[in-house]
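Okay, here's what each chain looks like letter by letter:
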Amino acid sequence: MAVLGVSLAVSTAARAVERPGVGKWKAVEVVLPVNDADEACLGRPIALALDADHLYIVDAQDCAVKIFSKDGEFHRAVGRKGRGPGELSFPSGVSVIGGRLYVADKFNARVQAFDRAGEPCGGFSTPFAPDKVLALTGETLLVTSSPTGRTAAEKMLHLYDFGGRLLWEGLEARTSSDPVFDAFVNMILVCPGEGGDFFVVFRSGERSILHFTASGALAGKILVDERHAFQPLDMPFRGPKKRLLGFCWAAAWDRGFFYISAPAPVEGKDLGPGRLLSVVDREGRLTASIELPCPVHRFVVEGRRIYAVDDDGGLRIFEVVR
Amino acid sequence: MKKLAVLVLAGLVFVSAALFFPTSLAAHHVNECYKDHLDCRVNALNLDAPWYKVMLILTVCDIALGKCALSL
């Protein structure tokens, strides 16, 4: 059965690489400057964000947000481990707006704000462990959470003003009798759109992307081209064989296009991060694919540049050649 | 009759108190188990590891919750 699973996964991957009628773009790696500082090392980078001048990488291990230039030169780190102001415990998301840095401080159950100098300048507590944070406009902040499975109808999206007042909650978690399966089908990624709109991408089980307005209203559902193939994965242990359909390892949005990386078969029957990015337009059509030199875990895109984190937690910058 | 009522009420108060304290402690213990379970899940889901491995870890988290709640 495992052999069947692997061969199915491999054939699906092969189909995804071929993709008839889809442009193939190249990614050329940009040579990064040598960053000697210990702080520049990334222990467990789990989220990235960009503003006009900088790249921000959340390092959950060092409990800090590490700030780089857009050419990869390390500038400084913001935050340290702890529970007090300016301290973080398992930061998991970051967003930048108006010169302020908003960090999802997961184990402290709060969102913390930092100013340009890296000093704490406010924030608010949340009744859940915040996962990702996204400044939508100058007035609202989207905070995501992973469902705990302990209460019914848990919401995964929460819209706050910068003072911490809850404005809206939505996107109910899907539940079944299998908490492990539920954890996977409820794994979401959020991408900032234009004018405060945002997109929700499910990492597994669904090929669709939800489009929300800045106020939280559902504006549409984008069905992604089936040439961006699912990667099946048989679940271990649980009762009758259950198959999880992996859709996306990471995703980004830039200038009218989604960049979606499909999970790829690794280590036999497992699924890990892939090195193939699908470029999908806002109607869900696959317009191009980009083959990266290495698998990437998280990435953000700006114009022709892809800022990514590789298997070893290292920063990589790629220039896309069309 | 009054004496009997007083005795019954006193008995009820005593039994309630005797039952409440162990229950309260058990509830506290179970809450700790759930908190640990939540931390275990959060860590697993943020590992960014291949999914089969994450599934195994989540399953271990669930087993640990059961063991903790049953004080095994």
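Keep in mind it's a predicted model, so treat the numbers as computed, not measured.

Chemist: Can you lay out the nonpolar core for me, pointing to particular residues and giving the numbers?
Modeler: Ranked by size, the top nonpolar core spans 102 residues in total, and within it Leu 48, Tyr 56, Val 94, Val 103, Val 201, Ala 251 and Phe 299 of chain A carry the most contacts. Examining the composition of this core, we find that six residues originate from one element, helix H2 (residues 51–69) of chain B, more than from any other. If near-sequence neighbours (up to four positions away) are discounted, Val 201 of chain A is found in contact with Ile 188, Leu 189, Cys 191, Ile 209, Cys 248 and Ala 251 of chain A.

Chemist: Explain the environment of Val 22 of chain A to me, and be specific about the residues and the numbers.
Modeler: All names here are of chain A. One can find Val 22 in the loop between helix H1 (2–18) and strand S1 (23–29). The class for Val 22 is partly exposed, based on 18 C-beta atoms found within 10 Å. Residues Val 22 and Arg 227, spaced 205 residues apart in sequence, show a C-alpha to C-alpha distance of 9.1 Å. Apart from residues no more than four positions distant in its own chain, Val 22 is found in contact with Arg 227, Leu 286, Thr 287, Ala 288 and Ser 289.

Chemist: Got a sec to walk through the interface of chain B and chain A? Specific residues and values, please.
Modeler: The interface of chain B with chain A comprises 16 residues on the first partner and 26 residues on the second. Contributions of two or more residues to the side of chain B that touches chain A are made by helix H1 (2–45) and H2 of chain B.

Chemist: Explain the confidence of the model for chain A to me, and be specific about the residues and the numbers.
Modeler: Of all residues in chain A, 93% have pLDDT values of 70 or greater, and the mean over the chain is 90. Confidence over residues 1–17 of chain A falls short of pLDDT 50; this stretch has 25 contacts with residues more than four positions distant or in other chains.

Chemist: Before we move on, could you go through the sheet that holds strand S9 (residues 100–105) of chain A and cite the residues and values that matter?
Modeler: Residues and elements named next belong to chain A. Taken in spatial order, the four strands of this open sheet run S8-S9-S10-S11, and their pairing is antiparallel. At either margin of the open sheet sits one strand with a lone partner, and together these are strand S8 (91–97) and strand S11 (120–125). Within this sheet the neighbouring strands show an average axis-to-axis angle of 20°, counted without direction.

Conventions adopted
- Residues numbered from 1 in each chain as written.
- Chains lettered and ligands numbered in written order.
- Predicted model: local features only at pLDDT ≥ 70, side-chain atom pairs only at ≥ 80, totals over all residues.
- Core = buried A, V, L, I, M, F, W, Y, C linked by C-beta atoms within 7 Å.
- Buried ≥ 20, exposed ≤ 12 C-beta atoms within 10 Å, placed from the backbone.
- Helix = DSSP H or I, 4+ residues; strand = E, 2+ residues; numbered from the N terminus.
- Contact = placed C-beta atoms within 7 Å.
- pLDDT = per-residue confidence, 0-100.
- Pairing = 2+ DSSP bridges.
- Axes fitted to C-alpha atoms, helices over the stretch in contact; angles between N-to-C directions.

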